[in-house]
Amino acid sequence: LNFTSTLGGQTFNSPFLNASGIHCQTAEELADLEGVKELGGIVTKSATLEARAGNDKPRYYDLAYGSINSMGLPNSGYNFYLDYVQKEHAKPTILSVAGLSVADVIKLLKEVQASDYQGLTELNLSCPNVIGEPQTAYDFETTRKVLTEVFSFFTKPLGVKLPPYFDLVHFDQIAAVLNDFPLTHVNTINSVGNGLVVDVEKEQVVTKPKGGFGGLGGAMVLPTALANVRALRQRLNPSIAILGTGGVTTGADVFAHILCGAQLVSVGTQVIKEGLGVYARLEKELSDIMEAKGYTSLEDFRGKLQVM
Ligand SMILES: C=Cc1c(C(=O)O)[nH]c(=O)[nH]c1=O
């Protein structure tokens, strides 16, 4: 079966990625990802200018049907991740970056531009858990302003991480902004922002930051993730690839993401639930589905979802 694809000049030998934020914050976690042969690439935890401890704990909670997190962007600071991605790796890397202000984003990306790093960079415009900060990509004009400034100097492969949208007009509006820029990819979705999980027995929230509000992931967000992959694939220039993230627990979910137009597919919550062995299971399940359908390559069905 042919699982290979190229993105931003890099060759990915498998469609699987780790979702930024999951098992990719420390040197040990990143080394673990290098050892997962079914992973096509490695995405770093979103990096900020300064290292951050993140929000108070408990800040992650596992549910039967997914997860809720309010991590608060804990990371070792962009120098650590920029050093990491400039080292030799068997797989392509995607350097995820985030800023607490437009100025931070510009400063960070100027450092990346000035570095010897030739891999992909992904600007996270959708973190829902930085207390007091909005999810940038819900503000279309600010998103246009940021991308205009970024592309006035950034010439390396760049994608953006988007929050989920829930209104067809919003899909039109964000696509109208993104289509004006030479983006390599769009990674959709980030967690579904500001959900709330209640422990009825304790009559209490389950996470400490923000009164229990946090980003939702896992099985419960799959329909939202598929809708965003599909809607953006239908609206974005073919030159902008879609990385599908959200709700993947089985090979069928991976197949669905690709059928909706995803080139690569990230797994987050399920890695926490099952461990890094999940990638071998997903690859086997996807392969079995493809063989049963007579497909030999992801191109045979990518973006070919049928409507009625
Ligand atoms: C980078 C911050 C993010 C975080 C976080 O660090 O709280 N959680 C998410 O679900 N998505 C994010 O983008």
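Structural notes, computed from the coordinates. Being a predicted model, the structure only gives us computed values, none of them experimental. (Residues numbered from 1 in each chain as written. Predicted model: local features only at pLDDT ≥ 70, side-chain atom pairs only at ≥ 80, totals over all residues. Heavy atoms only, no water.)

Some points on the site of the ligand
- Taken together, 13 residues lie near the ligand, and N69, G72, L73, C127 and N190 sit nearest.
- One nitrogen or oxygen atom from the side chain of N69 is found 2.8 Å from an oxygen atom belonging to the ligand.
- A distance of 3.2 Å separates an oxygen atom of the ligand from a polar backbone atom of M71.
- The protein chains hide 92% of the 320 Å² of surface that the ligand would expose on its own.
- When each cavity is represented as a set of grid points, the ligand is found to reside in the largest pocket.
- The class makeup of the residues in the shell around the ligand is five nonpolar, seven polar and one charged. (Near = heavy atom within 4 Å. Polar contact = N/O pair within 3.5 Å; in protein donor to acceptor, adjacent residues only side chain to side chain. Areas by Shrake-Rupley, 256 points an atom, 1.4 Å probe, with all protein chains shown as cover. 1 Å grid on protein atoms, 1.4 Å probe; cavity = no way out; pocket = protein on both sides within 12 Å on 5 of 7 lines; lining within 4 Å. Sits in = over half its atoms within 2 Å of the grid points. Nonpolar A, V, L, I, M, F, W, Y, C, P; charged D, E, K, R; others polar.)

Re the packing of aromatic side chains
- What the rule picks out here adds up to 10 aromatic pairs.
- Each ring, one from F80 and one from Y81, has its centre 4.8 Å from the other, and the planes form 90°; the classification is edge-to-face.
- Overall, the relative accessible area of 28% leaves F80 in the partly exposed class.
- The exposure class assigned to Y81 is buried, which follows from its relative accessible area of 0%.
- Judged by centre distance (6.3 Å) and plane angle (15°), the rings of F255 and Y295 are stacked. Taken together, the residues F255 in helix α7 (residues 251-259) and Y295 in the segment after α9 (278-293) connect sequence positions 40 residues apart.
- A relative accessible area of 9% means that F255 is categorised as buried.
- For Y295, a relative accessible area of 25% translates into the label partly exposed. (Phe/Tyr/Trp six-rings, centres within 6.5 Å; stacked < 30°, edge-to-face > 60°. Buried < 20%, exposed > 50% of the residue type's maximum accessible area, 1.4 Å probe, protein only. Helix = DSSP H or I, 4+ residues; strand = E, 2+ residues; numbered from the N terminus.)

Thoughts on the packing of helix α4 (residues 140-150) against helix α5 (residues 168-178)
- Put simply, α4 and α5 touch, their axes get as near as 9 Å, and they point 15° apart. Considering the angle they form, α4 stands roughly parallel to α5. Relative to α5, α4 is oriented so that their crossing is right-handed. Mapping the contact onto sequence places F140, T143, R144 and L147 in α4 and H170, Q173, I174, A176, V177 and L178 in α5. (Axes fitted to C-alpha atoms, helices over the stretch in contact; angles between N-to-C directions. Parallel < 35°, antiparallel > 145°, perpendicular 65-115°, else oblique. Left-handed = near helix turned anticlockwise from the far one by under 90°. Contact = heavy atoms within 4.5 Å.)

Describing the sheet that holds strand β5 (residues 60-63)
- Pairing within the open sheet is antiparallel, and its four strands lie in the order β5-β6-β14-β11. Of all the strands in the sheet, the pair left with one neighbour each is β5 and β11 (192-196). For this sheet, the mean angle separating the axes of adjacent strands, direction not counted, is 35°.
- The pairing of β11 with strand β14 (residues 213-217) spans three bridges and is antiparallel. Looking across to β14, one finds that V192 is bridged to L216. (Pairing = 2+ DSSP bridges.)

Concerning the nonpolar core
- In this structure, L109, L123, V160, L162, L178 and Y279 are the most contacted members of the largest nonpolar core, which totals 74 residues.
- Each residue touching L162, except ones within four places of it in the same chain, is listed here: S126, A137, I174, L178, V186, N187, T188, I189, N190 and L232. (Core = buried A, V, L, I, M, F, W, Y, C linked by side-chain atoms within 4.5 Å.)

Concerning the side chain of Q263
- Inspection of the secondary structure puts Q263 in the loop between α7 and β16 (264-267).
- For Q263, the side chain forms a polar contact with the side chain of S5, separated by 3.1 Å.
- Excluding residues that lie within four positions of it along the chain, Q263 makes contacts with S5, T6, L7, P15, A241, I242 and R302.

Looking at the sheet that holds β16
- Spatially, eight strands are ordered β3-β16-β15-β10-β9-β8-β7-β4 in an open sheet, and the strand pairing comes out parallel. The open sheet is flanked by β3 (16-18) and β4 (42-43), the only strands paired with a single partner.

What about the pattern of salt bridges?
- Scanning all chains against the criterion turns up nine salt bridges.
- Linking K37 and E38 is a salt bridge whose minimum nitrogen-to-oxygen distance equals 3.1 Å.
- Residues K273 and D62 are paired through a salt bridge, measuring 2.9 Å at the closest nitrogen-oxygen approach. Of this pair, K273 sits in helix α8 (residues 269-274) while D62 is found in strand β5, placing the two residues 211 residues apart along the sequence.
- Counted as one network, the salt bridges with shared partners bring together E274, R281 and E285. (Salt bridge = Lys/Arg side-chain N within 4 Å of Asp/Glu carboxyl O.)

Let's talk about unusual backbone geometry
- The residue after K57, namely P58, is reached through a cis peptide bond having omega 0°.
- Inspection of the secondary structure assignment puts P58 in the loop between β4 and β5.
- For the bond from T188 to I189, the omega torsion is 10°, close enough to zero to count as cis.
- Along the polypeptide, I189 turns up in the loop between β10 (185-188) and β11.
- You will see that H23, though not glycine, has its phi angle at about 55°, which is positive.
- Within the fold, H23 resides in the loop between β3 and α1 (27-34).
- Residue classification places H23 among the partly exposed positions, given a relative accessible area of 25%.
- Phi is positive for N194, close to 55°, though the residue is something other than glycine.
- Tracing the backbone through its elements, the reader meets N194 in strand β11.
- With relative accessibility at 35%, the residue N194 sits in the partly exposed group.

Remember that the coordinates give geometry; whether it matters functionally is a separate question.
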